[in-house]
Each structure stands twice: as structure tokens, then as C-alpha cells.
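# An overview of the molecular structure
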Amino acid sequence: MNGDSVQIGDYRFECISGYGHAPEHMALSCPERKLLISGDMVLPRISTNVSVFAGEPESDPLGLFLMSLRRYETLPEDTLVLPSHGKPFTGLHERLAQLHEHHDEKLALTLKACTSEAVSAFQLVSVLFKRRLDSQQLTFALGEALAHLHFLWRAGDLVRVQGSDGIYRFQVDSDPEKARR
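One structure accompanies this document, and this report is about it.

### Remarks on the overall build of the protein
Of the regular secondary structure elements, the protein holds five helices and seven strands. Element order for the protein, N to C, with α for helix and β for strand: β-β-β-β-α-β-α-α-α-β-β-α. With respect to the principal axes defined by its C-alpha atoms, the protein has extents near 60 × 35 × 30 Å. By residue count, 41% of the 181 residues in the protein fall in the buried class.

The following block contains the structure:
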């Protein structure tokens, strides 16, 4: 659990739980060695996949992910990060800022896309991802698009409407009370 510690060899590691990428993701920090086994929560070059999945269709994984990243801000800047993908790196605080900036940019693009018309997650994919996607990448992209839509919907910046076709679409609404529904 978050805050627990485990002994690995001669060193004690503190557990830091994270959310948004998985139901619960545990990273391990060794303050004595300035070492973080980050797994998928903090990667050196890409943002981990943060998606709404069928098992939790009303979830806000992006909100959980961004909140979880704050837990790493107390670690020293020169912490050696051991990610599950990519090479080990230092510069943890800079990387955390980059991840927040990345998602801020995606949220701004999402808001802009939803300003003039109601947009589905599928329609948003081409706004957030400019390259051609294979079927596996499209699955991840749809989940990520929906995560960004849900974040803004939960924040009250978008309204969600289910069309006669059963598809949810999201749009900016100037009535803040309506947006919270």
C-alpha cells in the first residue's frame, strides 16, 4: 500500500502508489540511494497510456494520473529513475513538468475541438494523434482520447450528450450548471 516499505537486500524502499495507467501501480523509492523504480508511471520519453477502459466506463484516469504524479515531486531532483520502458534517467522534476505540460496541451486541443461541435472520442483521436495508427495504437488512442474528454467533463468544462446512435459526444457549454451533469 502507499507509504508501506519493503526491504530489498540492504535497502529499504518506500511504496508510492499511482493511478490512471492501471487500477493501482506501485513504484518503489529508496531515499538512501536516491533511486526510484518508477515502472510505467514516469517514463523518460513518452507518456504512459492513460485510458478509460470498458470495466470503468465513467472513470477519470487522467485526473488520477496527474494527481499521482504529484507524489514524486518530494523526491530529490537527482533521483535515478528506473522506468519499465526506456533507459534510466535523472532529472525527475523536469520530466514531471514535461508530463504535466504534455497533458495540458492535449487538454487544450480537446477543448478547442469541442468548442464548435459535439465530438466523440473517435473524432478526437485525429486531433490528438497526427500520425497513422495501427489497430493496437488506435485502441490505446481511443482510450486516451476518452480520458481527456472525461477529465474535462468531470471538471465541468464539457457537457456529455448521448446521441440517438448511442454514442457519447462532448461539447463546451457556457452554462456551468449544465456542464456538471
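### Observations concerning helix H4 (residues 135-154)
The terminal C-alpha atoms of H4 lie 28 Å apart, and with 20 residues this matches the ideal 28 Å at 1.5 Å per residue to within 8%. The N-terminus of H4 is capped by Asp134, whose side-chain oxygen sits 3.1 Å from the backbone nitrogen of Gln136. Just past H4, the residue Gly156 takes up positive phi, approximately 90°.

### Describing the sheet that holds strand S5 (residues 80-83)
Pairing within the open sheet is mixed, and its five strands lie in the order S1-S2-S3-S4-S5. A strand with exactly one partner marks an edge of an open sheet, and here the two such strands are strand S1 (5-8) and S5. Averaged over all neighbouring strand pairs, the angle between strand axes comes to 30°, with direction disregarded. Bridging between strand S2 (residues 11-18) and strand S3 (residues 25-30) involves five bridges; their strand directions are antiparallel. Considered in S3, the bridge of Ile16 is made with Ala27.

### Digging into the pairing of strand S6 (residues 158-162)
Both S6 and strand S7 (residues 168-172) contribute to a ladder of five bridges, which runs antiparallel. In the sheet register, Leu158 faces S7, and the bridge partner there is Val172. In this antiparallel pair of consecutive strands, S6 and S7, the connection spans five residues, and Gly166 shows a positive phi of 85°.

### Side note on the nonpolar core
Of all hydrophobic cores here, the largest spans 35 residues; its most connected members are Leu36, Val42, Leu69, Tyr72, Leu92, Leu149 and Leu158. Mapped onto this core, the elements with two or more residues apiece are helix H1 (61-69), helix H2 (92-113), helix H3 (121-128) and H4. Ranked by residues supplied to this core, first place goes to H4 with six residues. Judged by nonpolar contacts, the second largest core, of five residues, contains Cys15, Leu28, Cys30 and Leu35.

### Quick look at the packing of aromatic side chains
According to the stated counting rule, one finds one aromatic pair in the structure shown. Pairing Trp153 with Phe170 gives two aromatic rings, centres 6.3 Å apart and planes at 70°, and the pair type is edge-to-face. Placement of the pair is Trp153 in helix H4 and Phe170 in strand S7, with a sequence separation of 17 residues. Looking at Arg33, its charged tip hangs above the ring of Tyr11, at a distance of 4.9 Å from the centre.

### Description of the layout of surface pockets
If you add up the space inside the largest pocket, you get close to 560 Å³. Along the wall of the largest pocket there are 23 residues; nearest its centre are Ile46, Ser47, Thr48, Asn49 and Glu144. Looking at the lining of the largest pocket, the elements with two or more residues in it are H2 and H4. In terms of residue class, the lining of the largest pocket is built from eight nonpolar, nine polar and six charged. What lines the second largest pocket is a set of 13 residues, and nearest its centre among them are Gly20, Ala22, Pro23, Glu56 and Pro61. Here the lining of the second largest pocket is composed, by residue class, of seven nonpolar, five polar and one charged.

### Section: the side chain of His25
Locating His25 in the fold gives a position in strand S3. By relative accessible area, His25 is classed as buried at 12%. When neighbours within four sequence positions are excluded, His25 is seen to be in contact with Ile16, Ser17, Gly18, Ser38, Gly39, Asp40 and Met41.

Criteria and thresholds
- Residues numbered from 1 in each chain as written.
- Predicted model: local features only at pLDDT ≥ 70, side-chain atom pairs only at ≥ 80, totals over all residues.
- Heavy atoms only, no water.
- Helix = DSSP H or I, 4+ residues; strand = E, 2+ residues; numbered from the N terminus.
- Buried < 20%, exposed > 50% of the residue type's maximum accessible area, 1.4 Å probe, protein only.
- Expected span 1.5 Å × (residues − 1).
- Polar contact = N/O pair within 3.5 Å; in protein donor to acceptor, adjacent residues only side chain to side chain.
- Pairing = 2+ DSSP bridges.
- Axes fitted to C-alpha atoms, helices over the stretch in contact; angles between N-to-C directions.
- Core = buried A, V, L, I, M, F, W, Y, C linked by side-chain atoms within 4.5 Å.
- Phe/Tyr/Trp six-rings, centres within 6.5 Å; stacked < 30°, edge-to-face > 60°.
- Lys NZ or Arg CZ within 6 Å of the ring centre and 35° of its normal.
- 1 Å grid on protein atoms, 1.4 Å probe; cavity = no way out; pocket = protein on both sides within 12 Å on 5 of 7 lines; lining within 4 Å.
- Points joined across faces, edges and corners; volume = space filled by probe spheres on them.
- Nonpolar A, V, L, I, M, F, W, Y, C, P; charged D, E, K, R; others polar.
- Contact = heavy atoms within 4.5 Å.

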